[in-house]
Amino acid sequence: MNGQRILCPETIDQDSGRTLFDSIRNRSVGRGEAVVLDFGETRHMDARGGAWIVAIANHLAAHHASLRCEGHTGEVADLMDLIEPGLAAADKPERIEEKFFEEIGGRTYKYAGEFFDFVNLLVDAIYWVIIAPFEGRGFRWGLWIDEIYEMGVRAVRITCLMNFLLGVIIAMLSAAQVAKYGLGIFVADLIMIGFARELAAVMTATVVSARTGAAIAAELATMKVQEEIDALRGMGLNVAQFLVAPKILALLIVMPCLVALGLLSGILGGAFWGILFMGFRPDNWFNQTIQAATLSDLSQGMLKALAFAIMIVLVGCHNGFRVTGGSRGVGLMTTRAVVMDIFFIIVIDIVFATIFYYILE
Amino acid sequence: MAEHENDVLIEVENIVTHYGETLVLDGISCQIRRNEIFVIIGGSGCGKTTLLKNLTGLLRPTSGRISFFGKDITAADEDELSQIQRRFGIAFQSSGLFNSMTVGDNVALPLREYGNMSEELIGAVVRLKLSLVGLAHAEHLMPDELSGGMKKRAGLARALALDPPVVFFDEPSAGLDPIMASGLDDLVLTLKQLLGITFVIVTHELDSIRKVADRVLMLDRGKAVFMGTLDEALKADIPRLRQFFDRRADDFIMQRNA
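What counts and how
Residues numbered from 1 in each chain as written. Chains lettered and ligands numbered in written order. Predicted model: local features only at pLDDT ≥ 70, side-chain atom pairs only at ≥ 80, totals over all residues. Heavy atoms only, no water. Helix = DSSP H or I, 4+ residues; strand = E, 2+ residues; numbered from the N terminus. Rg over C-alpha atoms; globule rule 2.2 N^0.38 Å. Buried < 20%, exposed > 50% of the residue type's maximum accessible area, 1.4 Å probe, protein only. Contact = heavy atoms within 4.5 Å. Areas by Shrake-Rupley, 256 points an atom, 1.4 Å probe, with all protein chains shown as cover. Lys, Arg positive; Asp, Glu negative; His and termini not counted. Charge placed at Lys NZ, Arg CZ, Asp CG, Glu CD. Pairing = 2+ DSSP bridges. Phe/Tyr/Trp six-rings, centres within 6.5 Å; stacked < 30°, edge-to-face > 60°. Lys NZ or Arg CZ within 6 Å of the ring centre and 35° of its normal.

A. A look at the overall build of chain B. Check the secondary structure of chain B and you find 10 helices and 10 strands. Scaling as 2.2 N^0.38, a compact globule of 258 residues should have a C-alpha radius of gyration of about 18 Å, and chain B matches this with 19 Å. Its C-alpha atoms give chain B principal-axis dimensions of roughly 65 × 40 × 40 Å. Taking all 258 residues of chain B together, 52% fall into the buried category. Taking the contacts inside chain B whose residues are at least 6 apart along the sequence as the reference set, 64% of them involve residues at least 24 apart. Counting every atom, chain B has about 11600 Å² of accessible surface; 48% of that belongs to carbon and sulfur. Side chains of chain B carry 28 positive and 36 negative charges; the gap between the two charge centres is 3 Å.

Right, here's the structure in full:
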């Protein structure tokens, strides 16, 4: 048998293991050659010594040589038996390179699958929110009240504050432009129309997606990870009925209220700037504001609020249900839910703007 | 190691622990010796896991002393405690593996943080520890790809990473099938014998206790009702202990005493 034979010391521990490893690393070992470790005189080996033997096996494998161990008896043999699989442990699984078209196909398939899941959830939700109550099937009212409190009442302060500040900012920015032409009072119109159509709804939806959307995704993802969702299913209960429908109904009530409060706060923010810093009389300013309000603008904001409400709950639930893995998956899916929320807020906004621009005006 | 057989490694003196107002442990004392398998038994909610948390420094007792290698951990500050904690491994009931890392990286984590070794040796140690617990093939898998028994063994491999003289093992066989549970018992015995590790095991599996225990501590409603060798435990005439080993339900003993 060609190959190099090395006699091991009586005790293999941290120090003697390292010496052994260094002596083998300094040898030149040819391709395909086998190194034989002779444990004939070895009586003791500890865990750290064993690690050096594994390190030797790794080193030789990297140089396309092999390791054989011989002559171990007693205690050393028992430990070597346990270590054995580690000496031959497989290397990292190789990543299979995907071809260009395979990748396109794979991704399309993945996103199409996700899209169908989302549509399924939407259909289920519509059934349990709109149709089921008329068929006399159960709805959990207690849960619904809790959700309204959590999603709505507790979000009032932050929603009002953000809209108020946005009102101040818009007034400040536009005042600088229109005041040059002596048209400062029209800032009141701008604030009214802007907040009614657009800003109150979008700002509020952003706040709600960060609060409620993230909470929904995290809650459902954790429920899935801890098998609570399987438990519901196992009892023959419908997940959409128990988890999705109450949330949608709650947010459908809460969202328009929050948007209305947001609108008021935005107008107050604008008035704050207009009256205190642009010097208009309060009655003039508010008359101008009320005059600018139209039913079309207000209804556009409110319709958007309803669409945002449904979207935020569905995106939260959808991502929550798709979680895999444990704690890390929950974090990933929560992030994904909020990012998708923000994206869809803009998409829905554009759709509504287009509809109102071309059809209703 | 014969001359060290009776060395006391961990000395617990009269510890009392409360959760808020509730008294959980009421004056527990025991000694854990080098290279023995010390088993803590008792029914659900008797304070086993709390005692384990006290021993590992995760929860400070209300009063009492726990000395480790002669150092009192109830009085130790954060740094001293961390120094001592490096000298033992903990395998948790639900494995406690980090979900975001591969099994290999889980085992490597304490080595990278404390071990002061080259990546090459870390790789070898990881592979060694995984093959000790029979998981050499699972190095590159994620924890959620493992079965329950594999997770337990991976948790044990991580507990062994720093070659600790003491390993705490919470419910090694809970939720495992008998074959797997028995395999894990064999593993504990082998590791004790080959590497001289002292095990402190919390369990309520009778078969497992009979197979591995050197000495037994039984807790009942926060009090120690028995401490002694396994043989003594099997012979002792303490009602609560007999009830436990004979698997009799509570009602039975109450009817008989009434």
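What follows continues from the structure just given.
B. How the structure looks around the pairing of strand E3 (residues 34-38) of chain A. All names here are of chain A. When you tally the buried positions in E3, you get 5 out of 5 residues, the bulk of the element. The alternating pattern of E3 places Ala34, Val36 and Asp38 and Val35 and Leu37 on opposite faces, both of which are buried. Across 4 bridges, the pairing between strand E1 (residues 4-7) and E3 is parallel. Bridging from a neighbouring strand, Gln4 pairs with Val35 of E3. Bridge count between E3 and strand E5 (residues 66-70): 5 bridges; the pairing is parallel.

C. The packing of aromatic side chains, seen in detail. Under the criterion given, the structure shown has 15 aromatic pairs over all chains. Joined through ring pairs, the aromatic side chains of Phe164, Phe272, Trp273 and Phe277 of chain A make up one cluster. Its end group placed over the ring of Tyr111 of chain A, Lys110 of chain A keeps NZ or CZ at 5.2 Å from the ring centre. Above the ring of Phe98 of chain B, the side-chain terminus of Arg158 of chain B is found at 4.8 Å from the ring centroid.

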